[in-house]
Every structure is written in structure tokens, then in C-alpha cells.
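Architecture at a glance
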Amino acid sequence: MRENWFKFWNHPRTKAVRHWSNITYDVSWNIILFLIIGVLLVGSFSVGAAGGYFASLVKDTKAPKLTEMKQQVNSYAVTSEIYWGSGEKLTNIATDEERQPVNIKEISPYLLDAVLSTEDVDFYEHDGVVPKATLRAVLQELTNSSSRTGGSTLTQQLIKNQILTNEVSFERKAKEIILALRLENAMTKDEILQAYLNVVSFGRNSLGRNIAGIEAASRGVFNKPAKKLTLPQAAFLAGIPKNPYYYTPYLQGGVVKKDLTPSTNRMKTVLKRMYVAKSITKAQYEKAVKYDITKDFAKTSKRSRDTYPYVYDLAEKEALKIMTSYFMKQDGIKEDEVKPSELAEVKANYRDQAMIAMKQGGYKIHLTLDKKIHEAMQAPAKNAANFPSAPQYKQVVNPKTKKTVTKKDPEETAAVMVQNETGRILGFVGGRYTDGTADDFNRAFQAKRQIGSTAKPILVYSNGIENGLITPASTINDEEYYYQTVPRQPGDNPINNEGGRYRGNVTVREALELSLNDPAVKTYEKMNMSNSIQKLVDMGIEIPDNIRYAPSAALGTMEITPVELAGAYATLANYGQYVKPYVISKITKDGKNIYKAKSKKKRIYQDRTAYLTLDMMRGVFDKGTAQYANSLLKVPGDWAGKTGTTNEIKDSYLVGSTPGVTLAVWTGHDQNNSLMGATTYYQRTQNLWAQMANLTYSANSSYFKSGARFNQPASVSADDFKNTGRFKEEDKKKKAAEAKKKAEAEKKKQAEQDKKKADEAKAKADADAKQKADDSKAKADADAKRKADEAKAKADADAKRKADEAKAKADADAKRKADEAKAKADADAKRKADEAKAKADADAKRKADEAKAKADAKKKADENRKNAE
């Protein structure tokens, strides 16, 4: 170029032109050199200033350790989950944002390509920052450009979300760049991409809940795991993070938006970028663009809390207890070492910590409940045909207003099924879902009610056998009987059986089968009642002191929840060993157990006691009070159980056990109304029990051990089925006393016969003399009676005459007084009327005179005025 200029300038047409050409060339060249040097100086200065400014922005930023950075980007709230005992996921613990971490190997390749093509096409090539993109973003920010292309890589976005904030400033951007470069040295590209996909927000799911992470998004939007996403589905989800709540297909409540155009257009944009990046072929692109993605959306869902309210609430409550104890143990806190005045506050603090952990810690709570069994138990409870059609009502006091109101009180039910050997609760019924909904009161675990005759096997006869007092064959007289261990009060009634009849001498077996009350109380009063009650206390059942020494406890006056009752009966079915019923089998975190239930067995009854009691309870189904349930039962097996009813028929029970499980069912009213149908209430209870037994057996029969029987232990002997025990010895003494009494009576009778013969002659003579005396006396009595009758007749006639005269006089006086009163009243009325009329006439005349005077005055005034005019 310079040579061309020289050639041009060195060959001018004239010398003057050449002169001025040389001058122009020199000046122009110097100016160009000056501009180049100036630009270089300004550029160097700008770069230096920018570098200095950048350095000033990050001068206080401490470089974190690589391990700390890795931990920070992988630290996020993870939703805790609840699982059925049979393995199925039930639901998530309610939280502000749902998230389910997933390994990158479990994510669809389509999704990975879609995210990279859209968000960071050079992800695997750059070192965490793309300078060109960053400079472009800065210039757009400085010039306030309407077009913003963004300059953040996925690494930078991860840093912003997990370590920094969303603050818009150059300082935050500078720190983001520094930390992104450092993060690339702490993690592999796959680790960074995995962390990003587990962190980023995806709007809402079909429940209307906030979701984060690709796994929660895939399940919440398309109801499938991330590894099974199709190309259109992957493109749709990859487009959401740009503006999560704008592009998500769901509104609050999980309702699908009416206008999905922005979301589908965003999906098409992602597909276009995938095609441009050569992640998909043209054929794949064209097919995916035409795909109707809306048909793949998960339908608006109901929360599992709405479907299984009793299960969710119970799981959360029990897990919270376990987690609270876990965190206290982690910190070395022991309840017995904390001051009583501080214990409540300490536990409350750890309870709050446990609740946060449950919501955000990613724990997995595994229940003991078998889903099929639990669902099968709900069907009879939800069937309105199993209950009276007309609800009852109760007058109750509103605790807030203190006013008495009428409250609907429908018949309710609760049930629990327990695995005998382990204590695992396989299913339960918290209530009957009146009007299709459940309430907050879980009757199976919270309703403490009197248990009626279901107390007899676990409190009376089992302890009687264990104490050597009775055997199943012992005889007890069922008769009119009063409590012997409490002072008898005037008006006390004897103990009655249902139906009001007594059966005389019966065996203990018959007494249990027919649920007779007198034999139960007699047996219980002959034992140490406090020691007998202790058996229930040893099972964790709270018994008030006033019940501990009360003979009425034999008839079930203590209050126990259905789950506690089921646990007590399962103890008998477990040959006398108690295992506390439980509903949470384990809680895990990152695959490790932080809690695992242990079935600790506690010996309550001897195995001999348990078996003999069970053997008697078999008859309850065969020929006793549970025959109706047995007629409906379709579950094979060795069944043993007991019915129960409380006073005024406020509660009705049936508890039955096989070698595998125990099923307890209760019916009653929350407000303690009596059950309807004095002769049919028990049929409803037994019908519910039978339906639940049949349906649960069909759902999963493996727990029932229907092919097994309660095996007789070696401790049981042949004498245990004979009329042995202290009750029999007392019967012998009673019979001997009766025989002695009978002999004395016969001796006395013979003496009376001999005396009778000696007295007969004397009696005959006395009779003759007496006859004569009687004849004379009869004649005298007849005369006296005649005279008395005549005197009485005369007296009656005189009395009647005097009464008639008195009545006539009284009537005449009354009539005279009435006439006088009427005449006076008429005179008073006439006088008052005349006075009123006179007054009215005077008033009328006065008013007329006043009116006339006024008129005359007016007339005169008018005349005066006219004259004046």
C-alpha cells in the first residue's frame, strides 16, 4: 500500500503538485499513526481499568475449599417420602417445594441434549465461563440493550443458585465467574450437570405444588421417571427453567392452564436449537414439533393426604416422635437428666428441628401398613349401608361460645389389624368417612373408650388361670350377686347379665362363651385385682388408680384405645408375649437406617395361660356371642375371640385372632349416644368385623396363617381341662354344709311328726270345744252386726239430710250475692257512662265556643282591615 502511494506521489504532473502531495502524505500518515497509538493506549487503559475494577469486585471473595464447594452445590432441600409397608410409595411429606434427586445416568439422553442445546451448547468445551458471551452480556447491560442474550454457563447458573444470590450487580457477576472457574476444578462436567438438573426450578406439578429438579418435574408433569422421557417431553421440560412459572403447564391447585401457547412455543424453540446443534435429525425435529404434548400432561391429582388422611397424619405424627428422640440422642440429651421445668421447652425445640428435617431432609419413612390390607379395611367403613340411615344428635356445649348446640352424632367405627408375632400394624380404620370425608380424629389410635366384656379374657379369666384359681372346666354359680369388695349402698342393684337371666352352675368356658357377668366378677374379686390390672399396665396401657382396685374393671370399665386392645389380644395369640403395636418400621437417610423398629417381646402371661384362654375363646365363635360373625366369615383358620358391650349400649366390640393376626373392631358414637337397635347393634359390629376379615384375607392371605392352629404347649396338662383349682375346693365345702343342713332338717322333721301324733288327740278335743264357743260367738256377732248396720243407716240418712239443707242454703246465699254484685256493677257502669258523656258534652261545647269566638275575632279583624284600607 505504501509503495502505491509513493508511486502516485512520485509521478505527479507538476512540481507544485508533487510538493503539496508530499506534505499531505506526511501529515496523513502521522495522523494515522497517532490514532493507532491512541487506540492502543485507550484499549490498554480500558483493559487495565476493567481488570482493576474486576479485581476490586472480587478482592474480598475468599476462595473456598474445593470439597466445600462441591458440598455446597450438592446441598439442597430434598422432600421426605412415606412408603407403604408393602413397598409402594404413599406420598411426600408436605413441604413448600418438592424435589427428588436423581443420578445423571437415570436421566433421558433427550433431556440432557435439550438442556445443553438450550442453555449451554459448549458446556463440555469451556472451563466454566465463556468470555465472549460474558463480554456480550456486559455490553448489553451497559448500553441498556433491549436484546439480552445472557452470558451465564450452566456452571455459573449453578453457582448463582447454590452459593450466591439472584442479586443483579457486577460484583455478584464477578464472584460468579471466579467461583465457576474454581468449581470446574472441584467437579467433573457430569457432576456439575447432574447438580444443576437436581437444583433448577420447574414451576408446578399436577398437585399444584412447587417442584425443583428434573425427577420431580418429570413425575409431576408427565407422571413418569426422568429416564423414560420422550423427545417432545424432554424438550418441553428443558424449556421451563428459563421462566418456570410462565412456562409450567399448571396453575395453583394443579389445574392445567387454558392457554398453553407460550409453553408449547418454548418447546418448539428448544427443539429448533437441538436440531441446529445436531442433537437430533431433521425427521426427529419435524415429528416432535407436530406432536401434541398436552395429551401427555398428568391430570390434576389429589394429594395422598386427601386419599389417605388418617395414614398420612399418623405417619407424620409417629415419625416426628421418632425424629425428635433421634436428634436429642445425637446431641446426648437424655430426658431423665433434664430438669422437669425445662423438659417441655427442650423437647419443643428438638421437635421443631425434627419437623424441618422431615420436610427438607430427604428421609424415607417406611410404614408397616400393607396397602392392600389397609384399603380393604376401608371399604366396609365407607359403606353407608353398614350403618343406621338416620343419624343421632347430641346437645353439647360449644367451648368457644359456651352455648349449648345440637351436634350431629352419626354411628362411627374404628378397627386395627396387628401381626401377632411382630406387632406390625397391617391396616386400620380411623373413622367411617361420614359424608365422604375424614376428620382429624383417628379413633383407632386416639379414642379411649370403655371396653366392656372384651376385658374378661385379658383381665379376668387369664389371671384366674395363671393364679391357679380356675380352669376352663371350673364351675361357678351364675346367680343374683352383688359386688362383695365394695360397701353396699341402699338401692344398689345386683350384677345383671345381658338379657337379665341367670343360668345357675356353669363352667368358666361357658361363662366366657356366653359373656356372663356374675361369674366374671366372682372370679375377679377372688384375686388380687391390682396385680391383675398390672398385666395391662405392663402392656403400656394407662389405668387410673381408681380402676386398679375396682371390681367393675372385670366388666371393662377401664378406657382403652382400639390399637391397645388389639395389642392385648395379640399377646394371647402370641402365647403370652407382648409386642407393642407399631406403624413405622424404619426411617432411612441416603440409604442408611437412622431408625429401625425392633420387636421387643415382654412376657405377660405364661404360655399355658394364653393357650387355655384362647381355647375357651374358640367357643365364642362356634357357640357363643360371636356366632353371627362366624356365619358371615369366609376366612378359614383357627379363630378365637371375644365380643364386648358397655353400659347403655354405648360401645360394641368384636376382637378375633388367628395364629397370624388379630383384628379388633369397635362401633359407637363420638358423643356417647347409645347405639340404635337394642337387639341388632351387635350384628352391625360383627358384620363390619366379618367384612373386614373377608376382604383383607382376599387382599393378602399370607399374614393370617390360616393353615395353622394354636398349638397346645407342653406346659398344658390333662388336668388343666378338669374341674380343678381353688373354686372347686370351695364348692366341696359348700356341698358338705348343704348336706349337714339337710340332715338336721330331716331330723327336725321327724321330731315334728312325732309331736304331731301326740297333739292330734288334744287338737280334736280342743276343736270340739272351740266349735261350741265359735257357734255362740257367731250368734252374738250376728246380733251386734245387725244393730250396728241399723245405727249406721240412720246416721247416714241424717247426715245426707243435713248436707242437702246446707247445700241449698249455700246456693241461695251465692245467688243473692251474685245478684247484688251484678246490680252494683250495673249501677257503677251507668254512673261512669253518664259522667263520661257529661264530660264529653262539656268538652264539645267548650271547643265549639272557642271555635266560634275565634271565628268571630277573625271576622272582626277582617272588617277592621277592610275599613283601614
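Note that the structure is predicted; figures quoted are calculated from it, not measured.

Regarding the packing of aromatic side chains
For the coordinates displayed, the defined rule picks out 16 aromatic pairs. Here the aromatic rings of Phe 123 and Tyr 124 are separated by 5.0 Å at their centres, their planes lie at 85°, and the arrangement is edge-to-face. For Phe 123, a relative accessible area of 1% translates into the label buried. What makes Tyr 124 partly exposed here is its relative accessible area of 41%. An aromatic cluster of three or more residues is present, and its members are Phe 222, Phe 236, Tyr 250 and Phe 297. Over the ring of Phe 123 we find Lys 189, and its NZ or CZ is 4.5 Å from the ring centre. Lying over the aromatic face of Tyr 363, Lys 589 brings its terminal NZ or CZ to 5.1 Å of the ring centre.

A few points about the side chain of Thr 643
Note that Thr 643 resides in strand β19 (residues 640-645). A distance of 2.6 Å separates the side chain of Thr 643 from the side chain of Thr 625, its partner in a polar contact. The contact partners of Thr 643, leaving out residues within four places of it in the chain, are Ser 453, Thr 454, Val 620, Thr 625, Ala 626, Tyr 653, Leu 654 and Gln 686.

A few points about helix α8 (residues 189-199)
Burial of α8 is extensive: eight of the eleven residues sit out of reach of the surface. Buried within α8 we find Lys 189, Ile 192, Leu 193, Ala 195, Tyr 196, Leu 197, Asn 198 and Val 199.

Side note on the sheet that holds strand β10 (residues 425-429)
Hydrogen bonds along the backbone pair up the strands of a sheet, which may run parallel or antiparallel. Spatial strand order, β10-β9-β21-β20-β19: five strands in an open sheet with antiparallel pairing. If you trace the sheet from one side to the other, it starts and ends with β10 and β19, each paired once. Across the sheet, the mean angle from the axis of one strand to that of its neighbour is 5°, orientation sign disregarded. Two elements, strand β9 (residues 411-419) and strand β21 (residues 661-669), share nine bridges in a ladder whose sense is antiparallel. Looking at the pairing, Ala 415 lines up with Val 665 of β21.

A look at the sheet that holds strand β1 (residues 81-83)
Pairing is mixed across the open sheet formed by five strands, whose spatial order is β2-β1-β6-β16-β17. Two strands close off the open sheet at either side, each with one partner strand: β2 (89-92) and β17 (592-596). Each adjacent strand pair in this sheet contributes to an overall mean axis angle of 20°, direction not counted. Across three bridges, β1 lies against β2 in antiparallel orientation. Each bridged residue has a counterpart across the sheet, and for Glu 81 the counterpart in β2 is Asn 92. Sitting on the sheet, helix α15 (residues 309-330) is in contact with β1, β2, β6 (363-367), β16 (584-589) and β17, with an inclination near 60° to β16.

Things to note about helix α9 (residues 214-222)
Extensive coverage of α9 is indicated by the burial of eight of its nine residues. Every buried residue of α9 is listed here: Ile 214, Glu 215, Ala 216, Ala 217, Ser 218, Gly 220, Val 221 and Phe 222. Summarising the contacts, the buried residues of α9 are in contact with β3 (97-99), α4 (109-119), α8, β4 (201-204), β5 (210-212) and α10 (231-239). Among the residues trailing α9, Asn 223 stands out with phi positive, at a value near 55°.

Overview of the packing of helix α17 (residues 371-382) against helix α27 (residues 681-699)
The N-to-C vectors of α17 and α27 enclose an angle of 150°; their axes lie 8 Å apart at closest approach. Taken together, the axes of α17 and α27 lie roughly antiparallel to each other. Here α17 and α27 pass one another in a crossing that is right-handed. In this structure, α17 uses Lys 372, Ile 373, Ala 376, Met 377, Ala 379, Pro 380 and Ala 381 to contact α27, whose residues at the interface are Leu 688, Gln 691, Met 692, Leu 695, Thr 696 and Ala 699.

Brief notes about the pairing of β19
On any regular strand, side chains alternate: one points to one face of the sheet, the next to the other face. Among the six residues in β19, five count as buried, and that is most of the element. Direction of pairing for β19 relative to strand β20 (residues 651-657): antiparallel, over a ladder of six bridges. Paired with Ala 640 across the strands is Ser 657, a residue of β20. In this antiparallel pair of consecutive strands, β19 and β20, the connection spans five residues, and Glu 648 shows a positive phi of 60°.

Some details on the pattern of salt bridges
Following the criterion strictly, the structure yields 33 salt bridges and no others. Between Glu 106 and Lys 227 there is a salt bridge, with its nearest N and O atoms 3.4 Å apart. Highlighted residues: Glu 106 in the loop between β3 and α4 and Lys 227 in the loop between α9 and α10, separated in sequence by 121 residues. According to the relative accessible area criterion, Glu 106 is partly exposed, its value standing at 35%.

Points about the confidence of the model for the protein
Predicted coordinates in areas of low pLDDT are best not read in detail. Across the protein, the average pLDDT comes to 85, with 86% of residues at or above 70. Residue range residues 43-59 is modelled with pLDDT below 50. Its contacts to residues more than four positions away, or to other chains, number eleven contacts. Residue range residues 145-149 is modelled with pLDDT below 50. Its contacts to residues more than four positions away, or to other chains, number six contacts.

With respect to the nonpolar core
If you look at soluble globular proteins, the nonpolar side chains tend to sit buried side by side. In this structure, Ile 365, Leu 367, Ile 458, Tyr 461, Tyr 524 and Met 558 are the most contacted members of the largest nonpolar core, which totals 92 residues. Contact partners of Ile 458, with chain neighbours within four places excluded, come to Ile 451, Asn 463, Leu 536, Leu 565, Ala 568, Tyr 569, Leu 572 and Tyr 605.

What counts and what doesn't
- Residues numbered from 1 in each chain as written.
- Predicted model: local features only at pLDDT ≥ 70, side-chain atom pairs only at ≥ 80, totals over all residues.
- Heavy atoms only, no water.
- Phe/Tyr/Trp six-rings, centres within 6.5 Å; stacked < 30°, edge-to-face > 60°.
- Buried < 20%, exposed > 50% of the residue type's maximum accessible area, 1.4 Å probe, protein only.
- Lys NZ or Arg CZ within 6 Å of the ring centre and 35° of its normal.
- Helix = DSSP H or I, 4+ residues; strand = E, 2+ residues; numbered from the N terminus.
- Polar contact = N/O pair within 3.5 Å; in protein donor to acceptor, adjacent residues only side chain to side chain.
- Contact = heavy atoms within 4.5 Å.
- Pairing = 2+ DSSP bridges.
- Axes fitted to C-alpha atoms, helices over the stretch in contact; angles between N-to-C directions.
- Parallel < 35°, antiparallel > 145°, perpendicular 65-115°, else oblique.
- Left-handed = near helix turned anticlockwise from the far one by under 90°.
- Salt bridge = Lys/Arg side-chain N within 4 Å of Asp/Glu carboxyl O.
- pLDDT = per-residue confidence, 0-100.
- Core = buried A, V, L, I, M, F, W, Y, C linked by side-chain atoms within 4.5 Å.

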